[in-house]
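Descriptive structure summary
Residue-level listing of the chains:
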Amino acid sequence: MSPYHGPLSSHLRVYEPLEAFSPEERARMEHSLAGREPGRRGLETAESEAALGRIISSSGDPFPDDDAEFTRTVTIDGRTLYCPSQLVLRAGLAAESVLTTAPTPLATVLLPAPARAKHQERVDRIASEPGTPRINTRESLWGIPFSWFVLFHEQDATEVVEEADHVQTVRITTTWAKALHRARFAVANLALAAPEMNLLDELTSLTEWLEEFHPDSAVELDYGAVADRVYPDESPTDVLLGIECLAEGDMTGAAAAYRRLASRWIPIRQLARAS
């Protein structure tokens, strides 16, 4: 079965040391790592094929079960960090979004009531575990939010994954401390220079999310398949320049940075509405 790619999706992930997770989460990660093909490529393929299997299943249940969980790892300075996929919790949140935004007849077809009830039992079981569950992964379809780029700088570790003359993905990684410092810096400057910007609200929410994680964590931006359309990409630099120009009162420089971002990303976001 060939990998299922679906809409262009990108991910922002936080990788934490093992001690940051509850015993229950550790057990799920251990189970998900057992028997999996090593390496990121094997994991991405397995996850895509599992998603496709749920979509074409004749059961009418699109939700992932406990066995659909995956765990990514990175090694930084000799230490292994972990990012569980948490598909059960994320699917529950996605279902809530569909139910509140989509027309009721469509939502009922996409998410049959019996399947929703069965999945809610899984969510409730995880939510009842000791500690407050936090979501280590954020996903974006048809483009990358500009707020995500604030967390990364040009000099951060970058991995370009290529195959058959195509860029499969680009992954940028930085430390939790640097990402949080950059987010707070941007929030402070935008609050003074452009408090009406939507970007400020997005960054405030992003900062609060980052603050939930272990200080020895790492943060990764995974472009996914959209990388083949934009890489090499200077978006992190353009976002930083735009914020610095706003802080200095340089509206011309800020506008130029936004134009570069818009010319790069608006055509991709328009694909979401393409027939």
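Summary of the structure given here. Residue numbering note: each chain is counted from 1, following its sequence as written. Reporting in this predicted model follows two pLDDT cut-offs: at least 70 for local features of residues, and 80 or more for side-chain atom pairs to be given and counted; totals over whole chains, interfaces and linings ignore these cut-offs and use all residues. Calculation of side-chain values draws on the structure's entire complement of heavy atoms; hydrogens and water are dropped beforehand.

1. Examining the overall build of the chain
A run of DSSP states H or I qualifies as a helix once it reaches four residues; a run of E qualifies as a strand once it reaches two. Both are numbered from the N-terminal end. Scanning the chain from N- to C-terminus turns up eleven helices and seven strands. Here the globule rule reads 2.2 Å times residues to the power 0.38, and the radius of gyration is calculated from C-alpha atoms. Since a compact globule built from 275 residues should have a radius of gyration of about 19 Å, the 19 Å found for the chain is in line with a globular shape. A buried classification covers 44% of the 275 residues belonging to the chain. Residue contacts are defined here by distance: any two heavy atoms, one from each residue, within 4.5 Å place the two residues in contact. Restricting to contacts in the chain with at least 6 residues of sequence separation, those with at least 24 account for 77%. In this description, accessible areas are obtained by the Shrake-Rupley approach with a 1.4 Å probe, and a residue is regarded as covered only by the protein chains that are shown. For the chain, the exposed surface amounts to about 14,700 Å²; the carbon and sulfur share of it is 55%. Throughout this description, buried means an accessible area under 20% of the type-specific maximum (1.4 Å probe, protein chains only), exposed means over 50%, and partly exposed covers the range between.

2. Some points on the side chain of serine 85
Mapping serine 85 onto the fold places it in the loop between β3 (79–84) and α3 (87–101). In contact with serine 85, other than residues within four places in its own chain, are Glu47, Ala68, Glu69, Phe70 and Arg90.

3. Regarding the nonpolar core
Nonpolar cores are built from buried Ala, Val, Leu, Ile, Met, Phe, Trp, Tyr and Cys residues. Side-chain atoms within 4.5 Å join them into one set. Ranked by size, the top nonpolar core spans 42 residues in total, and within it Leu12, Leu151, Leu210, Tyr223 and Trp265 carry the most contacts. Ignoring sequence-local partners within four residues, the contact set of leucine 12 consists of Asn136, Thr137, Arg138, Trp148, Leu151, Phe152, Leu206, Trp209, Val219, Glu220 and Leu221.

4. A short note on unusual backbone geometry
Working note: non-glycine residues mostly have negative phi, and peptide bonds are mostly trans. A cis amide bond links tyrosine 231 with the next residue in sequence, proline 232, at an omega value of 5 degrees. Inspection of the secondary structure assignment puts proline 232 in the loop between α9 (227–230) and α10 (235–247). Even without glycine at this site, glutamine 86 takes up a positive phi of about 50 degrees. By the secondary structure assignment, glutamine 86 is in the loop between β3 and α3. Accessibility expressed as a relative area gives 5% for glutamine 86, which makes it buried. Its identity is not glycine, yet tryptophan 142 carries a phi of approximately 55 degrees, on the positive side. Examined against the element boundaries, tryptophan 142 turns out to sit in the loop between β4 (137–141) and α6 (146–149). With a relative accessible area of 24%, tryptophan 142 lands in the partly exposed category.

5. Side note on the packing of aromatic side chains
When the centres of two rings from Phe, Tyr and Trp lie within 6.5 Å, Trp using its six-membered ring, the rings pair. Their planes under 30 degrees apart give stacked, over 60 give edge-to-face, and anything left gives tilted. Considering all chains together, one arrives at three aromatic pairs under this definition. Aromatic pair tryptophan 209 and phenylalanine 213: ring centres 5.2 Å apart, planes at 80 degrees, arrangement edge-to-face. Since its relative accessible area comes to 6%, tryptophan 209 is described here as buried. On the basis of relative accessibility, which here comes to 4%, the residue phenylalanine 213 falls in the buried class. Cation placement over rings: the criterion is NZ of Lys or CZ of Arg within 6 Å of the ring centroid and within 35° of the ring normal. The residue whose ring lies beneath arginine 269 is phenylalanine 146, and the NZ or CZ to ring-centre distance is 4.6 Å.

6. Considerations on the side chain of asparagine 136
Counting through the fold element by element, asparagine 136 comes out in the loop between α5 (113–127) and β4. The exposure class assigned to asparagine 136 is buried, which follows from its relative accessible area of 1%. Here the side chain of asparagine 136 touches glutamate 16 through a polar contact of 3.1 Å, side chain to side chain. For asparagine 136, the contacting residues outside a window of four places in its chain are Leu12, Arg13, Val14, Glu16, Phe21, Tyr82, Cys83, Pro84, Gln86, Trp209 and Phe213. N or O atoms closer than or at 3.5 Å make up a polar contact, with two conditions inside protein: a donor-capable atom paired with an acceptor-capable one, and, for residues adjacent in sequence, both atoms drawn from side chains.

7. A look at α10
Here α10 is 13 residues long and its end C-alpha atoms lie 18 Å apart, about the 18 Å a rise of 1.5 Å per residue gives. Buried within α10 are the following residues: Ser235, Pro236, Asp238, Val239, Gly242, Ile243, Cys245 and Leu246. Buried-residue contacts for α10 involve α6, α7 (176–193) and α11 (251–270). One or two steps after α10, the chain reaches glycine 249, where phi turns positive at roughly 80 degrees. Residue count minus one, scaled by 1.5 Å, sets the expected span of a helix.

8. Details of the packing of α7 against helix α8 (residues 198–210)
An axis is simply a line fitted to the C-alpha atoms; with a helix, the fit covers only the stretch in contact. Between two such axes, the angle follows the N-to-C directions and lies from 0 to 180 degrees. Their axes nearest at 9 Å, the elements α7 and α8 cross at an angle of 150 degrees. Classified by the angle their axes make, α7 and α8 are roughly antiparallel. Crossing angle aside, the handedness with which α7 passes α8 is left-handed. Facing α7, whose interface residues are Trp176, Ala179, Leu180, Ala183, Arg184, Ala186, Val187, Leu190 and Ala191, α8 presents Leu199, Leu200, Leu203, Thr204, Thr207 and Leu210. Working rule for angles: under 35 degrees goes down as roughly parallel, over 145 as roughly antiparallel, 65 to 115 as roughly perpendicular, anything else as oblique. Each crossing gets its hand from how the near helix is turned against the far one by less than a right angle, where anticlockwise is left-handed and clockwise is right-handed.

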